[in-house]
Each structure stands twice: as C-alpha cells, then as structure tokens.
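Chain by chain, the residues run as shown.
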Amino acid sequence: MTFKPLDRAGIAARIARDIPEGWFVNLGIGIPTGVSDHVPVDREVIFHSENGVIGAGPAPEADKINPYLVNAGTQHITLRTGGSFVHHADSFAIARGGHLDLCVLGAFEVAENGDIANWARRADDPTKQVGGAMDLAIGAKRLWVAMEHNTKGSGESRIRRACSYPLTAKGAVKRVYTDIAVLEVVERGFMVLDMVEGLTRRELQERSEAELHWA
Amino acid sequence: MIDKFVPDVAAALAGIEDGSVVLMPGFGNGMPETLLEGLIAQGAKDLTLVVNSGGRDDGPTAVLLASGRVRKLVCSFVRADSVAGRQFAAGKLELEIVPQGTLAERIRAAGAGVQAFYTPTGADTILAEGRETRVINGRNCLLEYPIYGDVALVDAWEADRWGNLTHRESARNYNPIMAMAAKLTVVQTRHVVALGDIPPANVHTPGVFVHRVVHIPA
C-alpha cells in the first residue's frame, strides 16, 4: 500500500481539527497562516496577529479591502465582530505574557527535547528572520509546529535528536504536524499521535532522524 | 495657546542631527512615509534606524538605506535579498537583530522610564552570546536595555493642536510606543481636527508625547 503526504493546506486543515472553540491563537507565517481558513466560522476561535490585531478574520473581497488592516504577513484581512486593536508592545505582551492558548509556527527543525529552529540556517546566515518567533515560542501556553517532515531537496529529516540550526527557543514545542504524521513531544522524545493512511511505522521511522515512540 | 502644528515637512524635521537614533514605526502600514522622504532630503547622516524590519527592495526603508545615511539598523527581521541584507553582507551596515517583542518592549521601556528588564525571549539562543542572563522563577532570562530615540517619526490618522492622535486599525502598531520613547516626536497626520473632536476615551497617543505635527492630507 502506498501513502499520500498532505499538501500544505492539508497540514493546515489537520491542525485546525485540533483547535477547540474558545482558544486564543497566533498563527505564524507559512503553513500556519492557512490554519484559520479551516476553522469553521461557527467555532469561535480568536486569532491574534502580532501587529496588534485581536480577532483577525479572513481575507476581504477585492472591493472591500481596507488598506489600514493587515496581518503579520502584511496580507489584507478583515476583523471579526468583537475584535480590537492594540499597539505593538501590548500585542507582544499578549504573546510573551502567557495569554495565547496556542501558537503555531513553521520551522526548519524540531528536536526530541522540544527545541525549535526556525529563523536562520547558520549563525552567519545573512537572512535573519527572527521576527516575533522567539517571543511567541517562549510565551504561548502551547507551541505547535507545522512543517514538512523532510527537506525538499535531499530529503533530510526535520525531526531531529538535536537541532543543527540556530535555536529559536529551547524545549518549547509540544506538538509537530508534518505532511505525514502528528508527533507529540513527551519526556522520552517524539510520540506518534497520528500518521497518514498507508504509511507504516517503519517508513515513518526511516524518514525521521530522531527515534520515534508509539503509545 | 498650545499649537504643535508646523507649516511643512522641513519645519517638522528641522534640527535632526547627524548620528541621531531614529525610531520609525510601520508594519505593512502605519509608516510615516512623507517624513521619511523628508528625512532623506533633510540630509542627516550616520543615523541609527530602529524599525520593525529591514524591508524589501522597494519601499521607504529601502530608499533611506540606499541613500547611505544609515550606519546601524536595529530591527527584528532582515531578508538576505534586500537592500539591508546586501549592505550588511558587504560590511556597509551594522545590524542589531532584536526579537520583535523585545524590540517593542525595549522601546516601551525607554518611554516608561524602565532602566532594564529580564525576559526569557532569546535567552537560549545565539542572540544571548556574551550577554547577561539569569535564572528567574526557574526560567533562563536575558537582560535587555531600553532603546531611546533622539527622534521618532510617527504616522497618525487624526491630530489636534495639542498633538492628541488616533491611528487607523493595524496602522497603530509601533506609533504610540515610539512616540513615548524619543526626545523629539514628529507626527504626520492625514486629518486635522479641532481640540476636543477626538472623544477623550478614544485618544490612542496623547499629545504629551508629541512635539511637532505636520498635516499631510494624502
């Protein structure tokens, strides 16, 4: 039997399934941004955007764009009824002060102790995409990561015993959603919560550098 | 009578000296673009620019950086393929990368008289190398200092003659906190309103933080 990895929207949809009503959630750039599209409107989940938006809603229709309302990816958005705006320090007080139930970030690598690397490929990388990731990673009540299980080119595993890239935060990740599995970070390492249909335990382990555990 | 309005951009930016630390808000919107163009024309050089991101190849930050007037950039995010990224790689630009929440809090701290603070943000990363850390409540924390501005360039939607301001939606971003943190806070406003027209409970940035206002209608 063969298996079909989830595409990026599929990963986002899988994450959305696990977000209950009432949570206050920040979504990072990349795969996580798509998560809100898969949360039904009648399930009240409040989305935070780092640039000071509480209650971020979906993209507006083309003729209803408000140029003064964007999300952290600078895409035009709408505001849900009940939403509000704060300045940047208050917005990050939300992130750093433990007020978010969940933050979902993209990453290059996650290690079995919950370390996350998502802002540079090496210390002298001229790209320095820290943004708000370090604040969100240490501050949210839960940090989940959305990423492809393996790199595109060489197929290198992003599920590591230890991160090889510069860290964003230590021991912060609680759960990882990849294109082929859902992994919980527990005391002894990665525990597999879910896999795509048709994938065997052996195949998943072969695609993971860290040792996997099964409940 | 208090009247913080000045007639034009040149008057608004008069006296900004070489070597100044310039606080510039903006995150997708809320950037004081006319003041920024004015700063390039004004000619101050050897500047330290404090801004959310190094920007792309176009846009006002890129234009200011390309003018060669900025010695040091303090921000949370730089793309390799941008004016900032290339200037840094070529050794022409000093760069201080600050996590975005720490950046906002350091600016707020400057405005609030907080002399330093500890935060877990970045404490376990290479950004903490060679710096003071301390375990507080069981968490490793990094010592951070305020960022004081010599000048803040601020964008507003409405302003009255006392300098009370409102900002539109997410265009608020860094504007209120940067206004607090500088010796000289200069505002460009889209609309001028009479004193008292902004409902008192709806003032986003009170005029006590504002020194000069210039009306830029569109």
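The rules behind the values
Every residue gets a number counted from 1 within its own chain, in the order that chain's sequence is written. Working convention: letters from A go to chains and numbers from 1 go to ligands, in the order in which they are written. Only residues with pLDDT of at least 70 are given local features in this predicted model, and only at 80 or more are side-chain atom pairs given and counted; all residues enter the totals for whole chains, interfaces and linings. Excluded from the side-chain calculations are hydrogens and water; all other atoms, namely the structure's heavy atoms, are used. Residues belong to one nonpolar core when they are buried, are Ala, Val, Leu, Ile, Met, Phe, Trp, Tyr or Cys, and are joined through side-chain atoms within 4.5 Å. Exposure is judged per residue with a 1.4 Å probe applied to protein chains only, and the accessible area is read against the type maximum: over 50% gives exposed, under 20% gives buried, and values in between give partly exposed. Runs of H or I in DSSP of at least four residues are treated as helices and runs of E of at least two as strands, each being numbered from the N terminus. What makes two residues a contact is simply this: any of their non-hydrogen atoms within 4.5 Å. Whenever a nitrogen or oxygen atom comes within 3.5 Å of another N or O atom, the pair is scored as a polar contact, on the condition that within protein one atom can donate a hydrogen and the other can accept it, and that pairs from neighbouring residues in sequence are kept only if both atoms are in side chains. Any carboxyl oxygen of Asp or Glu that lies within 4 Å of a side-chain nitrogen of Lys or Arg is treated as forming a salt bridge with it. Take the accessible area each of two parts loses on contact, using a 1.4 Å probe, and add the two losses: that sum is the buried area. Here the aromatic set is Phe, Tyr and Trp, taking the six-membered ring for Trp, and pairing holds for ring centres within 6.5 Å; pairs whose planes are under 30 degrees apart are stacked, those over 60 apart are edge-to-face, and all others are tilted. When the NZ atom of lysine or the CZ atom of arginine is within 6 Å of a ring's centre and also within 35 degrees of its normal, the charge is said to sit over that ring. In this analysis, strands are considered paired if DSSP registers two or more bridges between them. Throughout, an axis means a line fitted to C-alpha atoms (over the contacting stretch in the case of helices), and angles, computed between N-to-C directions, take values from 0 to 180 degrees.

Caption draft 1: A look at the nonpolar core. Counting 39 residues, the largest nonpolar core has B:Leu13, B:Leu35, B:Leu39, B:Leu49, B:Leu73, B:Leu153 and B:Val186 as its most contacted members. When residues of this core are assigned to their parent elements, the largest contribution, four residues, is made by helix H2 (residues 33-42) of chain B. Beyond its immediate chain neighbours, meaning those up to four positions away, B:Leu73 contacts B:Leu49, B:Val51, B:Gly54, B:Val78, B:Ala84, B:Leu93, B:Glu94, B:Leu95 and B:Glu96. Residues A:Val86, A:Ile138, A:Ile159 and A:Leu212 belong to the second largest nonpolar core, which totals 36 residues.

Caption draft 2: Highlighting the side chain of B:Gln100. If you trace the backbone, B:Gln100 turns up in helix H5 (residues 100-112). For B:Gln100, a relative accessible area of 4% translates into the label buried. Separated by 3.0 Å, the side chains of B:Gln100 and A:His88 make a polar contact. Residues contacting B:Gln100, with those up to four places away along its chain left out, are A:Glu50, A:His88, A:Phe92, A:Gly131, A:Gly132, A:Asp135, B:Phe27, B:Asn52, B:Ser76 and B:Tyr174.

Caption draft 3: Up close: the pattern of salt bridges. Applying the stated criterion to the full structure yields 28 salt bridges over all chains. Here A:Asp135 and A:Arg96 are joined by a salt bridge, their closest N and O atoms 2.5 Å apart. With a gap of 39 residues between them, A:Asp135 in helix H3 (residues 133-139) and A:Arg96 in helix H2 (residues 88-96) connect regions that are remote in the sequence. The same class applies to A:Asp135 and to A:Arg96, which are both buried. One salt bridge connects B:Arg86 with B:Asp57, and the closest N-O pair in it is separated by 2.7 Å. With a gap of 29 residues between them, B:Arg86 in helix H4 (residues 83-89) and B:Asp57 in the loop between strand E2 (47-51) and helix H3 (60-66) connect regions that are remote in the sequence. Of the residues examined, B:Arg86 reaches a relative accessible area of 39% and is grouped as partly exposed. The exposure class assigned to B:Asp57 is partly exposed, which follows from its relative accessible area of 43%. Sharing partners across several salt bridges, the network here consists of A:Arg14, A:Asp18, A:Arg175, A:Glu184 and A:Asp194.

Caption draft 4: Representation of the interface of chain A and chain B. In this complex, chain A contributes 34 residues to the contact, which on the side of chain B involves 40 residues. A buried area of about 3100 Å², summed over both sides, lies between chain A and chain B, and 64% of it is on carbon and sulfur atoms. Our count for the contact surface shared by chain A and chain B stands at zero salt bridges. Across the chain A-chain B interface, the total number found is 22 residue pairs in polar contact (both at pLDDT 80 or more).

Caption draft 5: Focus on the packing of aromatic side chains. Inspection of the entire model under this criterion finds four aromatic pairs over all chains. Taken together, the aromatic side chains of A:Trp23, A:Trp144 and A:Tyr177 make up a single cluster linked through ring pairs. Sitting over the face of the ring of B:Trp157, B:Arg168 holds its NZ or CZ atom 4.5 Å from the ring centroid.

Caption draft 6: Structural context of H2(A). All names here are of chain A. The buried fraction of H2 amounts to seven of the nine residues, a majority that puts the element mostly inside the structure. Here H2 has its buried residues at His 88, Ala 89, Ser 91, Phe 92, Ile 94, Ala 95 and Arg 96. Just beyond H2, the residue with positive phi is Gly 98, at close to 80 degrees.

Caption draft 7: Fine view of the environment of A:Gly57. Within the secondary structure, A:Gly57 sits in strand E3 (residues 53-57). Apart from the residues lying within four places of it in its own chain, the contact partners of A:Gly57 are A:Ile77, A:Thr78, A:Leu79 and A:Arg80.

Caption draft 8: Local environment of the side chain of A:His213. All names here are of chain A. The residue His 213 is located in strand E14 (residues 212-214) in this model. Among the polar contacts listed, one links the side chain of His 213 to the backbone oxygen of Arg 188, at a separation of 3.1 Å. The contacts of His 213, once residues within four sequence positions are left out, are Arg 188, Gly 189, Phe 190, Met 191 and Val 192.

Caption draft 9: Spatial organisation of the sheet that holds strand E10 (residues 159-160) of chain A. Residues and elements named next belong to chain A. Overall, mixed pairing links the three strands, which are arranged E7-E6-E10 in an open sheet. Either end of the sheet is taken by a strand with one partner, and the two such strands are strand E7 (116-117) and E10. Pairing analysis gives two bridges linking strand E6 (residues 109-111) to E7, with the strands arranged antiparallel. Bridge assignment links Val 110 to a residue of E7, and that residue is Ile 116.

Caption draft 10: Structural view of the environment of B:Lys45. Position of B:Lys45 among the secondary structure elements: in the loop between H2 and E2. In this structure, the C-alpha to C-alpha distance between B:Lys45 and B:Thr185, residues 140 residues apart in sequence, is 18 Å.

Caption draft 11: Structural view of the sheet that holds strand E8 (residues 139-144) of chain B. All names here are of chain B. Reading across the sheet, the three strands line up as E6-E8-E7 and stay open at both edges, with antiparallel pairing between neighbours. For this open sheet the edge positions go to strand E6 (117-119) and strand E7 (133-136), each flanked by a neighbour on one side alone. Taking each pair of neighbouring strands and ignoring which way they run, the sheet shows an average axis angle of 40 degrees. Pairing geometry for E7 and E8, over four bridges, is antiparallel. Pairing of Ile 136 across the sheet is with Arg 139, part of E8.

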